[in-house]
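Results of the structural survey
As a plain string of letters, each chain reads:
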2 protein chains.
Amino acid sequence: MKFPSKVKLVDVGPRDGLQNEKEPVPAAVKIELVHRLQDAGLTEIEVTSFVSPKWVPQMADNAEVMAGIRRKPGVRYSVLTPNMKGFEAAVASKPDEIVVFGAASEAFSQRNINCSIAESMERFAPVVQAARAQGIFVRGAISVAVGCPYQGEVDPQGVELVARLMKEIGVQHCGVADTIGVGTPRKVQAAMEAALRHYAIDDLSGHFHDTYGQALVNTMACLELGIWQYDSSVAGLGGCPYAKGATGNVATEDVVYMLRGMEIDTGIDLDKLIDAGKYISDYLGRKPNSRAATAILNKRAG
Amino acid sequence: MKFPSKVKLVDVGPRDGLQNEKEPVPAAVKIELVHRLQDAGLTEIEVTSFVSPKWVPQMADNAEVMAGIRRKPGVRYSVLTPNMKGFEAAVASKPDEIVVFGAASEAFSQRNINCSIAESMERFAPVVQAARAQGIFVRGAISVAVGCPYQGEVDPQGVELVARLMKEIGVQHCGVADTIGVGTPRKVQAAMEAALRHYAIDDLSGHFHDTYGQALVNTMACLELGIWQYDSSVAGLGGCPYAKGATGNVATEDVVYMLRGMEIDTGIDLDKLIDAGKYISDYLGRKPNSRAATAILNKRAG
């Protein structure tokens, strides 16, 4: 097996994680979490989204959070912008990067954003253009890349289509997301290979949910393809709106534990990361949803 | 990646799992669990251990459980026998297989069984001889094969030593166990490669605990070496006496979910397996410790 010698992790906990909390988390807690993540060595953090507070009240404090962050040199702060209105609101917060998204399943696209995959990309085109004109990096995310709650299996052609359309409108980075966590190694590799037809390996990342316990094994399958960028969420924050009570994003702690054991450099201090996960878990009144964090916290407790 | 086309799973839940329960589980429940596992397609089940009830009261009903099982053709029933006294007690129960064990760490061997690794193997020699004379298959297990709660990291030489000694005394199969679940892919592969110096690939298996969330990724690392036999535990039964509150054996459901997705045949019906896991979890009054089972049960509940 040949693996990359370095991996970059993007912690999406403050956004993808905390937007699944019923009770909105106060801006000060989010800001402290971002600080702790950057202190632990994360070099990119998905901070918030600029979406209507009517739909996502958990992110209504987006501008406040972005303004409150003590920016650390070398760290990128990204925000989700679902449309031009969101983008325009986001600009004042000076994100390093915006995230746009499309679904690999027509059924999901129709149910979630009321339009076809192709239409969703057309709508993003002016956002991408505006961002790039202002020197803001544009990351694209392909959701439900291996499975869809409405259509079931998603084949690689769905991913290939979205990757091609994203490339055409100028999206610079392509994230392939197993939003509902149903993927297994070969299927995830097939999805990645479809995206690789339009994006270079250095412009591709994986985003895995651990709903069925497969996130790490899918990460390893992608490491074998040479993919070295992954999203993860401290303390496994986040759930799955399509499977109640299920696990959300893969825990950053579990990924870092694995990579450290494989001698793949992440630049992240696992102990500080576990502290960050404990901080937010304590606030939320529950245990970190990370097996590595649980084992290490138990060990610390003696 | 080339993987085996078939995998054999040995469910160790009734033994390795249930021996960690504070309250002994009644024999009738254990028997029903074994029946459900074999109905789900498991072809080998580690049923119980023949060890002093003073040390392991949870397995005091060993003979009753073995006598109560409705044996299914093609299924092997194994029991743990730590010494000659245990073996002699086990024989009347007609196990297809006995399991003996040694530690890959001297510190663990001394602390757990008060003798060196070499001495522990000498003690097992007459048990192995007696079993083979009666046509009972002998499986060996190498515990703490990558990490030890007393000594920390365990290097592959420890595994190589135990494998060699096991081979010398006539142990027919070698299981490599990450007892405390600290292993990561490369380390687990190194341990397996050490065992492969003395055992053929068809006589080797992996036994992974999910304490740090690494069990599936370690399984995949071994699949890549061609290893096609693994232990697992329905509903993730079992804990870790060295890390309180931590996860135990990898859940059979999570392994089967992964292998099914990779089109690797196990002969196991995932839905029936989940029912078996729900049966014992309901008895124990908790949820299955399996992410795949949790997600599928949530989905069933709508």
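Structure: see above.
In this report, we go over the structure that sits alongside the text. (Residues numbered from 1 in each chain as written. Chains lettered and ligands numbered in written order. Predicted model: local features only at pLDDT ≥ 70, side-chain atom pairs only at ≥ 80, totals over all residues. Heavy atoms only, no water.)

All names here are of chain B. When the terminal C-alpha atoms of helix α7 (residues 156–169) are compared, their 20 Å separation across 14 residues agrees well with the 20 Å that a helix rising 1.5 Å per residue should span. Listed as buried for α7 are G158, V159, E160, V162, A163, L165, M166 and I169. Looking one or two residues past α7, G170 carries a phi angle of roughly 100°, positive in sign. (Helix = DSSP H or I, 4+ residues; strand = E, 2+ residues; numbered from the N terminus. Expected span 1.5 Å × (residues − 1). Buried < 20%, exposed > 50% of the residue type's maximum accessible area, 1.4 Å probe, protein only.)

Let us now look at the sheet that holds strand β10 (residues 229–232) of chain B. Residue and element names in this part refer to chain B. Taken in spatial order, the eight strands of this closed barrel run β1-β2-β3-β4-β5-β8-β9-β10, and their pairing is parallel. Neighbour to neighbour, the strand axes of the sheet diverge by 30° on average, direction disregarded. Here strand β1 (residues 8–11) runs beside β10; their pairing, made up of four bridges, is parallel. Residue pairing across strands places D11 opposite S232, the latter belonging to β10. (Pairing = 2+ DSSP bridges. Axes fitted to C-alpha atoms, helices over the stretch in contact; angles between N-to-C directions.)

Hydrogen bonds between backbone atoms are what pair the strands of a sheet, whose relative direction is either parallel or antiparallel. All names here are of chain A. Pairing within the closed barrel is parallel, and its eight strands lie in the order β1-β2-β3-β4-β5-β8-β9-β10. Shown here is a sheet whose adjacent strand axes are inclined to one another by a mean of 30°, direction ignored. Note: strand β4 (residues 97–103) against strand β5 (residues 137–143), seven bridges, orientation parallel. Along β5, the bridge assignment pairs I98 with V138.

Let's shift gears to the relation of the copies chain B and chain A. Structural alignment of chain B on chain A gives an RMSD of 0.0 Å, achieved by rotating through 180° and translating 0.0 Å along the axis. The transformation relating the two chain copies, once decomposed into turn and shift, fits a two-fold axis. Residues of chain B ranked by C-alpha distance from the rotation axis are headed by V217(B), positioned 2.3 Å from it. Looking at the interface residues of chain B, 100% of them are also at the interface in chain A, so both copies use one shared face. (Least-squares fit on C-alpha atoms with pLDDT ≥ 70 in both. Contact = heavy atoms within 4.5 Å.)

Here we come to the packing of aromatic side chains. Applying the stated rule across the entire model yields eight aromatic pairs over all chains. When the centroid spacing of 4.7 Å and the interplanar angle of 20° are considered together, the rings of Y212(A) and Y257(B) count as stacked. With Y212(A) in the loop between β9 (204–208) and α9 (215–223) and Y257(B) in helix α10 (residues 252–261), this pair bridges two chains. In this pair, the class of Y212(A) matches that of Y257(B), namely buried. Here F101(B) and F124(B) contribute two aromatic rings whose centre-to-centre distance is 5.5 Å and whose plane-to-plane angle is 70°, an arrangement assigned as edge-to-face. Taken together, the residues F101(B) in strand β4 (residues 97–103) and F124(B) in helix α6 (residues 117–133) connect sequence positions 23 residues apart. (Phe/Tyr/Trp six-rings, centres within 6.5 Å; stacked < 30°, edge-to-face > 60°.)

To continue, consider the side chain of S49(B). As for its position among the elements, S49(B) is in strand β2 (residues 44–49). Excluding its chain neighbours within four sequence positions, the residues that come into contact with S49(B) are R15(B), Q19(B), M59(B), N62(B) and L80(B).

In this section: the packing of helix α9 (residues 215–223) of chain B against α10(B). Residue and element names in this part refer to chain B. One way to put it is that α9 packs onto α10 with a least axis distance of 11 Å and a crossing angle of 45°. One way to sum up the angle between α9 and α10 is to call them oblique. Between α9 and α10 lies a crossing whose hand is right-handed. Note on element contacts: α10 touches α9 through D254, V255, M258 and L259, opposite L216, T219 and L223. (Parallel < 35°, antiparallel > 145°, perpendicular 65-115°, else oblique. Left-handed = near helix turned anticlockwise from the far one by under 90°.)

This next bit is on the pairing of β2(B). All names here are of chain B. The buried count for β2 comes to six of six residues, which makes it a mostly enclosed element. Pairing of β1 with β2 involves two bridges; the strand directions are parallel. For D11, the partnering residue across the bridge sits in β2 and is I45. Where β2 lies against strand β3 (residues 76–80), five bridges are found, and the strand directions are parallel. The partner of T48 across the bridge, within β3, is V79. Where the polypeptide runs from β2 across helix α3 (residues 62–68) and back to β3, its parallel neighbour, the crossover connection is right-handed. (Right-handed = clockwise from strand over helix to strand, strands pointing away.)

This model, assessed by the stated rule, comprises 34 salt bridges over all chains. The partner of R300(A) in a salt bridge is D275(A), with the nearest N and O atoms 2.8 Å apart. With R300(A) in helix α12 (residues 291–301) and D275(A) in helix α11 (residues 270–284), this residue pair connects regions lying 25 residues apart in the sequence. Taking the relative accessible area as the measure of exposure, D275(A) reaches 33% and is therefore partly exposed. A salt bridge links D16(B) to R15(B); its shortest N-O distance comes to 4.0 Å. Assessed through its relative accessible area of 10%, D16(B) is described here as buried. Given a relative accessible area of 9%, R15(B) falls into the buried group. (Salt bridge = Lys/Arg side-chain N within 4 Å of Asp/Glu carboxyl O.)

Here we take up the interface of chain B and chain A. Contacts between chain B and chain A engage 36 residues on the former and 36 residues on the latter. Carbon and sulfur atoms make up 57% of the surface buried where chain B meets chain A, a total of about 3,200 Å² over both sides. In terms of surface lost to chain A, no three residues of chain B exceed R186(B), Y212(B) and R291(B), which account for 26% of the buried area on that side. At the surface where chain B touches chain A, the tally comes to two salt bridges. Residues R291(B) and D210(A) are paired through a salt bridge, measuring 2.3 Å at the closest nitrogen-oxygen approach. At the level of elements, α8 (185–195), α9, α10 and α12 (291–301) of chain B are the ones that each hand at least two residues to the side of chain B that touches chain A. Among the elements that line the side of chain B that touches chain A, the one with the most residues is α12(B), at seven residues. In terms of residue class, the side of chain B that touches chain A is made up of 16 nonpolar, 12 polar and eight charged. (Buried area = accessible area lost by both parts, 1.4 Å probe. Nonpolar A, V, L, I, M, F, W, Y, C, P; charged D, E, K, R; others polar.)

Coordinates in, geometry out; function isn't part of it.
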